[in-house]
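Letter by letter, the chains look like this.
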Amino acid sequence: MEEIIYLDNAATTKIRPSVVEAMLPYLTEEYGNPSSVYSLAARSRNAISGARERIAESLGAKPEEIYFTAGGSEADNWALKSVAEANREKGNHIITTKIEHHAILHTCEYLEQMGYEITYLGVDEAGRVNISELRKAIRATTILISVMAANNEIGTLEPIKEIGQIAKEHNIYFHTDAVQAYGQIPISVEECHIDLLSASGHKLNGPKGVGFLYIRRGVRIGSFLHGGAQERKRRAGTENVSGIVGLGKAVELAFADLEERAKRERELRDYLMDRIMSEIPYTRINGDRTNRLPNNANFSFQFIEGESLLIMLDIKHICASSGSACTSGSSKPSHVLVAIGLPEEIAHGSLRLTLGFETTKEEIDKTVDAVKEIVEKLRGMSVLYEEFLQKHSENKK
Ligand SMILES: *Cc1c(COP(=O)(O)O)cnc(C)c1O
């Protein structure tokens, strides 16, 4: 296999070998159904409990407040739909933002069809939600505020502590989609007054198809899947034992070296941003310069198409993304880049590079060299760029 440079860790991450190792017994000889009575089953049950405890500890939560799901999208769907349904007598209004992941936005659109009213808060040019706009949006009928902890495209960290405080003051539930942030930055559900939090295994070097929803004790919320008594009768179905064990292990590893890893990634990321900005003209950084996820960098290069850039990077075995993975294949610019006010033609020339724990300086250097070469090549073929240069030189005359 060719050596690849993987800089798309916001899309998914490589599973750690020790996570696979922890999972393997539960895919082979430890196959007991956790609900059965014999000891084979008890071992599966205990493995799940261990993962639940580990995850609860990472958030300052109680184990019984962690509910396993089939990933981040399910956790988001559950939080929104089931809180909406269970609190219908109190009201039908939900506040979210324009820059959420589609797992939130499309669920909100569905809820609108079901008669709920949704306010989509705008963000500033760095991608931060406007707190005064949030305060103004609150109504007597507001039942839920859902704001992501960190944006998956531009990496901006949202002021979840302030939002949690406001939600608490108004007796409104606060949900945060922490799929990108969890395992990268410390989050305390107490400090931030979080009532519900979504996370996903494959975004933190764990397995795909497994995640969890944190539900604070006492929150009014319905069951997501009806059936057996699994997950305190709230999410039926025989547990994904190996997946849950893998998630637990990934969480343990992510939190064991969270600070050092973040520091290392932040340094490499800043080096990447500095090199790109100083070596490639007509480029901008999207998102906040410092108040962002340690591993996220997002650029817009004028006069080029992000999709062409991605294809040419792929030829050099570099994996990157232009906006959100989910928007690839559509010609509309990402809703996040539009929300931060980028003109469409600039949004189209965007590139997201997200680092992982294995990313090296050498890989960053190779990537910057490649991006530089490709941007120059693409601009060389661009009529717009030619016109721009002509105007530029005329102005100088
Ligand atoms: C990846 C992602 C999701 C979806 O998680 P899955 O486990 O892939 O379903 C939701 N929200 C954000 C912010 C994400 O980055």
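See the structure shown above.
Note that the structure is a prediction, hence the values are computed from the model and not measured.

Cut-off values and rules
- Residues numbered from 1 in each chain as written.
- Predicted model: local features only at pLDDT ≥ 70, side-chain atom pairs only at ≥ 80, totals over all residues.
- Heavy atoms only, no water.
- Helix = DSSP H or I, 4+ residues; strand = E, 2+ residues; numbered from the N terminus.
- Contact = heavy atoms within 4.5 Å.
- Buried < 20%, exposed > 50% of the residue type's maximum accessible area, 1.4 Å probe, protein only.
- Expected span 1.5 Å × (residues − 1).
- Near = heavy atom within 4 Å.
- Polar contact = N/O pair within 3.5 Å; in protein donor to acceptor, adjacent residues only side chain to side chain.
- Areas by Shrake-Rupley, 256 points an atom, 1.4 Å probe, with all protein chains shown as cover.

A. Representation of the environment of valine 375 in the model. If you trace the backbone, valine 375 turns up in helix H13 (residues 361–380). A sequence separation of 71 residues divides valine 375 from isoleucine 304, and the C-alpha atoms of the two residues are 7.1 Å apart. Excluding residues that lie within four positions of it along the chain, valine 375 makes contacts with Ile280, Phe301, Ile304 and Leu309.

B. The arrangement of the side chain of serine 44 in detail. One can find serine 44 in helix H2 (residues 39–59). The buried category is assigned to serine 44, whose relative accessible area is 0%. If we ignore the near neighbours within four places in the chain, the residues touching serine 44 are Tyr26, Glu30, Tyr31, Gly32, Pro34 and Val241.

C. Spatial organisation of helix H4 (residues 102–113). With 12 residues, H4 ought to run about 16 Å at 1.5 Å a step, and its terminal C-alpha atoms sit 16 Å apart, in line with that. Those residues of H4 that fall on the buried side of the exposure criterion are Ala103, Ile104, Leu105, Thr107, Cys108 and Leu111. Once H4 finishes, glycine 115 follows within two positions and takes phi at roughly 100°, a positive value.

D. Expanded view of the site of the ligand. Taken together, 13 residues form the shell around the ligand, and within it Ser73, Asp177, Gln180, Ser200 and Lys203 come nearest. Glutamine 180 is positioned such that a nitrogen or oxygen atom in its side chain is 2.8 Å from an oxygen atom of the ligand. Between the ligand and the protein, one listed contact pairs an oxygen atom with a side-chain N or O atom of serine 200 at 2.6 Å. Protein burial of the ligand: of its 380 Å² of free accessible surface, 88% is covered by the chains. Considering every element that reaches the shell around the ligand, the biggest residue donor is helix H3 (residues 72–86), with 3 residues.

E. How the structure looks around unusual backbone geometry. Its identity is not glycine, yet asparagine 171 carries a phi of approximately 60°, on the positive side. Relative to the helices and strands, asparagine 171 resides in the loop between helix H6 (160–169) and strand S6 (173–177). In this model, phenylalanine 303 sits at a positive phi of 70°, which is unusual for a non-glycine residue. The topology assignment puts phenylalanine 303 in the loop between strand S10 (296–301) and helix H10 (306–315).

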